[in-house]
Amino acid sequence: MGELTEKIVHTERVFSGVLVKLDVHDVELPDGSMCKREVIQHPGASAVIALDGDDVILVKQFRSASAQFMLELPAGVLEVDEAPEVCAIRELQEEIGYKPGKLESIGGFYNAPGYTTEYIHLYIATNLIESRLQGDIDEQIEVVRLPLSEALTMIENGTIADSKTIIGLLRLARRLGV
């Protein structure tokens, strides 16, 4: 596999925003030729499947990039030097008003490895305890509770179209043998 590795020979930061940074890399390919790669630097995130009996608790919010409302797992960006599980607990409290009695890591994934460093850590939260933290001022969130079976149907019919939510719910369904 090593023979397919690209070598970064130069990087230019072309944008630096509040959340992401955009770098343009000059890379040398294995055959010695050169090309450019645009890479969005992202701090990573945590997403949580809040499981309450047979129900999952999701959030509905408008997403500017897709120009539509999305039904999603509670999730948020990692703060500087923040452990992913700490982020997961904080986001649950901010977005749905619960903290987990039990939090279990079920891995994670690169959201779009062709152009971003974003890695999303996935967790299952159970034994939920009411505990609300003040949410982000710029988030308008509606909490949606529904049976896992209904959420899985919504994946199949395209109502749930968010990748972290699809991946998380399908991993949960597989673990539960659903």
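One structure accompanies this document, and this report is about it. (Residues numbered from 1 in each chain as written. Predicted model: local features only at pLDDT ≥ 70, side-chain atom pairs only at ≥ 80, totals over all residues. Heavy atoms only, no water.)

### Quick word on the pairing of strand 4 (residues 45-52)
Every other side chain in a regular strand lies on the same face of the sheet, so the side chains alternate between the two faces. Within strand 4, seven of the eight residues are buried, leaving the element largely enclosed by the surrounding structure. Across three bridges, strand 4 lies against strand 7 (residues 75-77) in antiparallel orientation. Bridge assignment links A45 to a residue of strand 7, and that residue is V77. When strand 4 meets strand 5 (residues 55-63), the two strands line up antiparallel, connected through three bridges. (Buried < 20%, exposed > 50% of the residue type's maximum accessible area, 1.4 Å probe, protein only. Helix = DSSP H or I, 4+ residues; strand = E, 2+ residues; numbered from the N terminus. Pairing = 2+ DSSP bridges.)

### Observations regarding the packing of aromatic side chains
Counted under the stated rule, the structure contains two aromatic pairs. Considering the side-chain rings of F62 and F69, the 5.5 Å spacing of their centres and the 75 degrees angle between planes classify their relative orientation as edge-to-face. According to the relative accessible area criterion, F69 is exposed, its value standing at 53%. Considering the side-chain rings of Y110 and Y119, the 4.9 Å spacing of their centres and the 70 degrees angle between planes classify their relative orientation as edge-to-face. K60 extends its terminal NZ or CZ atom over the ring of F69, reaching a point 5.4 Å from the ring centre. (Phe/Tyr/Trp six-rings, centres within 6.5 Å; stacked < 30°, edge-to-face > 60°. Lys NZ or Arg CZ within 6 Å of the ring centre and 35° of its normal.)

### Side note on the nonpolar core
By size, the foremost hydrophobic cluster in this structure holds 25 residues, and its most contacted members are I49, V56, L146, I160 and L169. Counting only elements with at least two residues in this core, the list comes to strand 4, strand 5, strand 9 (102-110), strand 10 (119-126), strand 12 (142-147), helix 2 (148-156) and helix 3 (163-176). Broken down by element, the residue count for this core peaks at five residues, all from helix 2. Discounting chain neighbours no more than four positions away, the residues touching L146 are D54, D55, V56, L58, L71, A151 and M154. Judged by nonpolar contacts, the second largest core, of 11 residues, contains A88, I96, Y98 and L128. (Core = buried A, V, L, I, M, F, W, Y, C linked by side-chain atoms within 4.5 Å. Contact = heavy atoms within 4.5 Å.)

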